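Observations on the three-dimensional arrangement
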Amino acid sequence: VQRLENDLHPVIDPSVMTIEELREYKLKQISAACEQDVYDGTVVTLPDGTQETFTYSMQDQENTFSLLSLLLVCPAMDALPWHSSGHSCRMYTRAELIAICSTLLMRKTQLITYANALNMYVNGISDRNELMNVEYGMELPQSYADNIAAIMGMTIEEMQKFMEQIGGDTPTDE
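Just so it is clear, the structure is predicted and the values come from calculations on it, not from any experiment. (Residues numbered from 1 in each chain as written. Predicted model: local features only at pLDDT ≥ 70, side-chain atom pairs only at ≥ 80, totals over all residues. Heavy atoms only, no water.)

Quick look at the overall build of the protein chain
Selection rule: Secondary structure elements are defined from DSSP: runs of H or I of at least 4 residues count as helices, runs of E of at least 2 residues count as strands, and each element is numbered from the N terminus. Only protein chains enter the accessibility calculation, which uses a 1.4 Å probe; a residue whose area is less than 20% of its type maximum is buried, one above 50% is exposed, and one in between is partly exposed. Where accessible areas are quoted, they stem from the Shrake-Rupley method and a 1.4 Å probe; at the residue level, only the protein chains shown are allowed to cover.
When helices and strands are tallied, the protein chain shows six helices and four strands. Ordered by position from the N terminus, the helices and strands of the protein chain form the series α-α-β-β-α-β-β-α-α-α. Principal axes of the C-alpha set define a box for the protein chain whose edges measure 60 × 45 × 25 Å. The proportion of buried residues among the 174 residues of the protein chain is 33%. When the accessible surface of the protein chain is summed, it comes to about 10600 Å², and 55% of that surface belongs to carbon and sulfur atoms.

In structure tokens:
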């Protein structure tokens, strides 16, 4: 029974891993944590100032992309049904849907950009103790943080062009 339990739920002990095994383990942790962070979604401030929480699972991403596509294809469309986390479906205005989709997309971009920088940091670490201390969500060294800020700045500029084209406000919260 114990052998079966160990096979089903192995104890992971980073202290006995080689540095390469530890690096691979940390990269997998970062990937899983980032994915979950994206899926958890965020609070979106709607054009009227109210706030609602929206998840961003793979299904949510597909659905919001479909909604945004409909709005782009048919500029005369005024509203479509959607729902915030844990609430009933309701009609969201064009401006609300644009705010929802763009906020979720910008947040996903921010999280993935951060995770990529963290991965690059992990790949550059040669000290085992330093590698042991790496955690998703940690503050990165300045050069990595500066790179994230530069990329997100350019992303916001590009998103502003898109938002001007479709008639929405650019989310800049993260």
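Let's talk about empty space enclosed by the protein
Defined as follows: Residues are said to line a cavity or pocket when one of their atoms sits within 4 Å of a point; the points come from a 1 Å grid over protein atoms alone, cavities being sets where a 1.4 Å probe fits but cannot get out and pockets being open sets with protein on both sides within 12 Å along at least five of seven lines. Grid points are joined across faces, edges and corners, and a volume is the space filled by probe spheres set on the points. Residue type decides the class: Asp, Glu, Lys and Arg count as charged, Ala, Val, Leu, Ile, Met, Phe, Trp, Tyr, Cys and Pro as nonpolar, and the leftover types, Gly among them, as polar.
Under the criterion given, the structure shown has one cavity of 30 Å³ or more. Its volume calculated, the largest cavity comes out at about 40 Å³. Along the walls of the largest cavity sit Leu-68, Ile-98, Cys-101, Ser-102, Leu-105, Met-159, Phe-162, Met-163 and Ile-166, which together make up its complete lining. Those elements giving two or more residues to the lining of the largest cavity turn out to be helix H4 (94–124) and helix H6 (142–166). Class assignment of the residues belonging to the lining of the largest cavity gives a composition of eight nonpolar, one polar and no charged.

Focus on the packing of H4 against H6
Stated formally: Structural elements are reduced to axes, namely lines fitted to C-alpha atoms, with helices fitted over the stretch in contact, and the angle between N-to-C directions of any two is expressed from 0 to 180 degrees. Angular relationships are summarised with four words: roughly parallel below 35 degrees, roughly antiparallel beyond 145, roughly perpendicular across 65 to 115, and oblique for the angles in between. Two helices cross in a left-handed way if the nearer one is turned anticlockwise from the farther one by less than a right angle. They cross in a right-handed way if the turn is clockwise. The contact criterion used throughout is that any non-hydrogen atoms of two residues lie within 4.5 Å.
The geometry of H4 relative to H6 is characterised by a closest axis approach of 10 Å and an angle of 160° between their N-to-C directions. One way to sum up the angle between H4 and H6 is to call them roughly antiparallel. Judged by the sense of rotation from one axis to the other, the crossing of H4 with H6 is right-handed. Where H4 abuts H6, its residues Arg-94, Ile-98, Ser-102, Leu-105, Met-106, Thr-109, Gln-110, Thr-113, Tyr-114, Ala-117, Met-120 and Tyr-121 lie against Tyr-144, Ile-148, Ile-151, Met-152, Thr-155, Ile-156, Met-159, Met-163 and Ile-166. Looking at the contact of H4 with H6, its residues break down into 15 nonpolar, five polar and one charged.

Focus on the nonpolar core
The condition is simple: The nonpolar core is taken to be a set of buried Ala, Val, Leu, Ile, Met, Phe, Trp, Tyr and Cys residues, with the residues joined through side-chain atoms within 4.5 Å.
By size, the foremost hydrophobic cluster in this structure holds 37 residues, and its most contacted members are Phe-54, Tyr-92, Leu-97, Ile-100, Leu-118, Val-134 and Leu-140. Put simply, the parts of the chain that give this core at least two residues each are helix H2 (19–40), helix H3 (58–73), strand S3 (79–82), H4 and H6. Per-element accounting of this core gives the leading share, 13 residues, to H4. Among all residues touching Leu-118, those that are not within four sequence positions of it are Ile-30, Val-134, Glu-135, Tyr-136, Met-138 and Leu-140.

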